[in-house]
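Commentary on secondary and tertiary structure
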Amino acid sequence: MHVLGLSVFGPGTAAVLFVDGQLIAASTEARFTRAADEARFPESAIRFCLSRSRTLTGRADVDRVAVVDWGDVRGGSPSRLPMAGLREAVVGWADKQTLRRRLRGLTGVATEGVLFVDVVRAHAANAFLQSPFETASVLVADGDAADAVTATGLGSGATLDLEAFARQPIEPGTLARLATDLASQTGSTRLCVSGSRTSGIEPVTEILHGPDLTGLFVPPAADAGGAALGAALYLSHVAGGQPRSFVLEHAYWGRMITQSEAVATAEASELTSVECDEDELIARTAGLLASGRTIGWAQEAAEWGARPLGHRSVLTGLAGPSSPAPSGAWSLAVPAEHLGDFVRLDRPGDQQLARFAALAFDLRDEMREAIFPQGAPGPVPVHAVVRAANPRFHALLERMATATDTPAVWQAPLARPGEPLANTGADALAVFQALSLDALVVDRVVILKDLV
């Protein structure tokens with residue numbers, strides 16, 4: 001079964017594709033248009049998903065499409081929030097026929113195969129149905145901070161029971177209170193969250209100040225794009241009755257960069273470039289970072305979500321950014337198996353949060369002194385790099401231990417101001433030029449400025 005999930009209304013439009021219950025592709029439309037805040041039908045993202053499907057399965061059509069429906073949940077009156085049972089959330093409204101016809105032309109899906117999932121339940125599915133938990137509380141907080149839609153409930157197996165819906169302002173302390181009340185109601189010490197008001201380090205930190213949790217799952221995309229993924233999961237599992245079979249282990253579901261594209265990018269740069277084998281690539285890049293250079297790092301499949309996680313990143317050594325504030329763009333990338341050497345792990349779920357750089361951590365005293373000899377800000381965003389999910393970036397961090405005695409680098413988005421993360425080699429080259437980086441590593445090609 002090929003199930004396409006779509007967010008087609010408002011900014012953050014996106015497409016994701018599941019094949020037989022497994023995610024194979026996910027991207028926002030902005031990655032292709034390069035306009036982060038523009039509302040545009042996700043045709044390029046859809047075509048990307050279908051192309052990925054053709055490569056992996058030989059098919060470029062789909063059986064079902066799940067579309068996130070904002071309906072009365074956003075902009076409507078509180079009295080019209082959907083309060084019916086979950087299985088009534090997937091419906092096919094007659095006034096959606098134009099969209100259905102367009103999707104039939106793009107994907108080959110039958111008209112009756114295009115169904116709609118309201119945004120609250122899509123976010124609930126995004127929060128829970130890809131999490132590692134068999135049972136967990138679920139919290140959704142989405143929309144404008146002054147008038148957000150919230151929903152709480154419990155997920156178990158392939159089911160979702162949302163008990164409470166509300167419109168309320170999200171103020172400091174609101175999320176912690178909701179999480180605490182929810183834990184008391186469900187008795188679960190595990191929590192899954194989604195929605196635009198839960199996206200970012202500050203909301204996650206606030207939630208952790210609420211109940212005592214043994215696990216917290218925050219997807220790398222908790223915004224409108226994440227709702228597209230949730231809609232596909234909802235259609236498959238809650239409405240379709242299929243058992244869960246997918247756990248999100250990494251965020252690398254976007255457009256791939258190949259070696260041939262890397263070579264073409266180098267030629268377009270008209271700068272000195274070197275094609276490397278794997279060992280030479282890691283050694284040369286680590287040498288650049290150890291010597292104080294700042295580089296662009298564009299590798300393999302782009303990240304799903306807004307955070308750089310070692311595939312579309314700007315990298316610099318530990319002496320690079322002078323004071324990376326927790327609210328700023330920089331995060332500290334370290335091997336996952338060494339996370340406890342760098343930071344204080346106070347909760348059982350900290351490893352999971354660090355995998356997607358969703359939380360700022362207190363550095364251990366010895367690491368704080370080594371990284372910030374002149375004094376440091378408070379908690380630092382940290383990305384725990386898992387070898388199996390990102391072997392090349394992990395190998396670079398290991399090589400940094402040889403070059404500098406510390407297996408870590410600073411990481412920021414490979415993006416120009418106001419744009420999403422780079423998608424293609426050409427995007428990476430544009431960022432390299434705009435930010436005046438010292439080098440650009442695209443797949444196994446190192447592009448160098450003359451001064452390097």
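Just so you know, the residues in each chain are numbered from 1, in the order the chain's sequence is written. Owing to the predicted nature of the model, reporting of local features is limited to residues with pLDDT of at least 70; listing and counting of side-chain atom pairs is limited to 80 or more, with chain, interface and lining totals taken over all residues. Only hydrogens and water are removed before side-chain values are computed, so all heavy atoms of the structure are retained for them.

Re the overall build of the chain
We count a stretch as a helix when DSSP gives it H or I for four or more residues in a row; a strand needs E for two or more, and each element gets its number in order from the N terminus. Counting its secondary structure elements, the chain contains 14 helices and 19 strands. For this measure, only C-alpha atoms enter the radius of gyration; the expected value for a globule follows 2.2 Å times N^0.38, where N is the number of residues. What you see for the chain is a C-alpha radius of gyration of 22 Å, in line with the 22 Å of a compact globule of 452 residues. The classification of residues rests on relative accessible area computed with a 1.4 Å probe and restricted to protein chains. Under 20% of the type maximum is buried, over 50% is exposed, and intermediate values are partly exposed. When each of the 452 residues of the chain is scored for burial, the buried share is 56%. Entry remark: accessible area of the chain is about 17300 Å², with carbon and sulfur atoms responsible for 48%. Within the chain, the 51 negative side-chain charges are centred at a point lying 5 Å from the centre of the 38 positive side-chain charges. Where accessible areas are quoted, they stem from the Shrake-Rupley method and a 1.4 Å probe; at the residue level, only the protein chains shown are allowed to cover. The charge count includes Lys and Arg as positive and Asp and Glu as negative, but it does not include His or the ends of the chains. The atom standing in for a charge is NZ when the residue is Lys, CZ when it is Arg, CG when it is Asp and CD when it is Glu.

Observations regarding the packing of helix H5 (residues 174-186) against helix H6 (residues 201-208)
As a rule, the C-alpha atoms of each element are fitted with a line to give its axis, helices using only the stretch in contact, and angles between N-to-C directions run from 0 to 180 degrees. Axis separation between H5 and H6 bottoms out at 7 Å; the angle between their running directions is 45°. The orientation of H5 with respect to H6, classified from their angle, is oblique. Where H5 crosses over H6, the two elements pack in a sense that is right-handed. Facing H5, whose interface residues are Thr-174, Leu-175, Ala-176 and Ala-179, H6 presents Pro-203, Glu-206 and Ile-207. Angles are sorted into four bins: roughly parallel if under 35 degrees, roughly antiparallel if over 145, roughly perpendicular if 65 to 115, and oblique for all others. By the definition used in this description, the sense in which the near helix is turned from the far one sets the handedness, with an anticlockwise turn below a right angle giving left-handed and a clockwise turn giving right-handed. For this analysis, residues touch if any pair of their heavy atoms sits within 4.5 Å.

Here's the deal with the side chain of His-311
Summarising the element assignment, His-311 is placed in the loop between strand E12 (294-298) and strand E13 (312-316). Counting of polar contacts relies on pairs of N or O atoms within 3.5 Å, with two restrictions inside protein: one atom must be capable of donating a hydrogen and the other of accepting it, and residues adjacent in sequence are counted only when both atoms are side-chain atoms. Engagement of the side chain of His-311 in a polar contact is seen with the side chain of Asn-390, the distance being 3.4 Å. When sequence neighbours within four positions are dropped, the list of residues in contact with His-311 reads Tyr-252, Trp-297, Ala-298, Gln-299, Glu-300, Ala-301, Glu-303 and Asn-390.

Quick look at the layout of surface pockets
As defined here, a cavity is a set of points on a 1 Å grid over the protein atoms alone where a 1.4 Å probe fits but cannot get out. A pocket is an open set with protein on both sides within 12 Å along at least five of seven lines, and residues line them when an atom is within 4 Å of a point. Grid points are joined across faces, edges and corners, and a volume is the space filled by probe spheres set on the points. There is about 1100 Å³ of room inside the largest pocket. If you trace the largest pocket, you find 47 residues lining it, with Ser-199, Asp-223, Gly-305, Ala-306 and Arg-307 closest to the centre. Contributing elements (two or more residues each) for the lining of the largest pocket: helix H1 (30-33), H6 and helix H7 (224-239).

Some remarks on the packing of aromatic side chains
For this analysis, a ring pair means two rings from Phe, Tyr or Trp (six-membered ring only for Trp) whose centres lie within 6.5 Å, classed as stacked if their planes differ by under 30 degrees, edge-to-face if by over 60, and tilted for the remaining angles. Tallied over the full model, the rule gives five aromatic pairs. Judged by centre distance (6.1 Å) and plane angle (70°), the rings of Phe-246 and Trp-253 are edge-to-face. Trp-253 carries the same exposure label as Phe-246, and that label is buried. Following the ring pairs from residue to residue traces out a cluster consisting of Phe-18, Phe-246 and Trp-253. Above the ring of Phe-41, the side-chain terminus of Arg-102 is found at 3.9 Å from the ring centroid. Only when the NZ atom of a Lys or the CZ atom of an Arg is both within 6 Å of the ring centre and within 35 degrees of the ring normal do we say a charge sits over the ring.

Description of the environment of Gln-185
Turning to its location among the elements, Gln-185 is positioned in helix H5. With 31 residues separating them in the primary sequence, Gln-185 and Leu-154 have C-alpha atoms 9.5 Å apart.

Topic: the sheet that holds strand E9 (residues 190-194)
The strand order across the open sheet formed by five strands is E8-E7-E6-E9-E10, and the pairing between neighbours is mixed. Of all the strands in the sheet, just strand E8 (159-168) and strand E10 (215-217) have a single pairing partner and so form its edges. Pairs of neighbouring strands in the sheet enclose a mean axial angle of 20°, with direction left out of account. Here, any two strands with at least 2 DSSP bridges between them count as paired. Relative to strand E7 (residues 148-156), strand E6 (residues 135-142) is paired through eight bridges, and the arrangement is antiparallel. Paired with Ala-136 across the two strands is Gly-155, which belongs to E7. Most of the contacts of helix H4 (residues 119-128) go to E6, to which it runs at about 135°, and overall it touches E6, E7, E8, E9 and E10.

Things to note about the pairing of E12
Within E12, four of the five residues are buried, leaving the element largely enclosed by the surrounding structure. With four bridges connecting them, E12 and strand E18 (residues 439-442) associate as parallel partners. By the bridge assignment, Gly-296 is partnered in E18 with Leu-440.

A short note on the nonpolar core
In summary, soluble globular proteins display a tendency toward joint burial of nonpolar side chains. Definition used in this section: a nonpolar core is a set of buried Ala, Val, Leu, Ile, Met, Phe, Trp, Tyr and Cys residues joined via side-chain atoms within 4.5 Å. Counting 51 residues, the largest nonpolar core has Val-16, Phe-18, Leu-23, Val-138, Leu-160 and Trp-304 as its most contacted members. The element contributing the most residues to this core is H7, with 10 residues.

Considering empty space enclosed by the protein
Any empty space left between atoms is shown by rolling a water-sized probe over those atoms. Across all of its chains, the model carries five cavities of 30 Å³ or more by this definition. What the largest cavity holds in volume is close to 60 Å³. Every residue lining the largest cavity is listed: Glu-249, His-250, Ala-251, Tyr-252, Leu-309, Arg-355, Phe-356, His-383, Ala-384, Val-385, Val-386 and Ala-389. In terms of residue count, strand E16 (residues 380-385) provides more of the lining of the largest cavity than any other element does, three residues in total. As a working rule, the residues Ala, Val, Leu, Ile, Met, Phe, Trp, Tyr, Cys and Pro are called nonpolar, Asp, Glu, Lys and Arg charged, and the rest polar, with Gly in that last group. Tallied by class, the residues present in the lining of the largest cavity amount to eight nonpolar, two polar and two charged. Estimates place the volume of the second largest cavity at around 50 Å³. Residue lining of the second largest cavity: Gly-12, Thr-13, Thr-28, Glu-29, Ala-30, Thr-33, Ala-35, Glu-38 and Arg-40, and that is the complete set.

What to know about the confidence of the model for the chain
You can read pLDDT as the predictor saying how much it trusts each residue, on a scale of 0 to 100. Summing up the model confidence of the chain, the mean pLDDT is 90 and the portion of residues at 70 or higher is 91%. Confidence drops under pLDDT 50 across residues 74-94; counting only partners more than four residues distant or on other chains, this segment forms 49 contacts. For residues 322-327, every residue scores under 50 in pLDDT, and the model assigns this stretch 12 contacts once sequence neighbours within four places are set aside.

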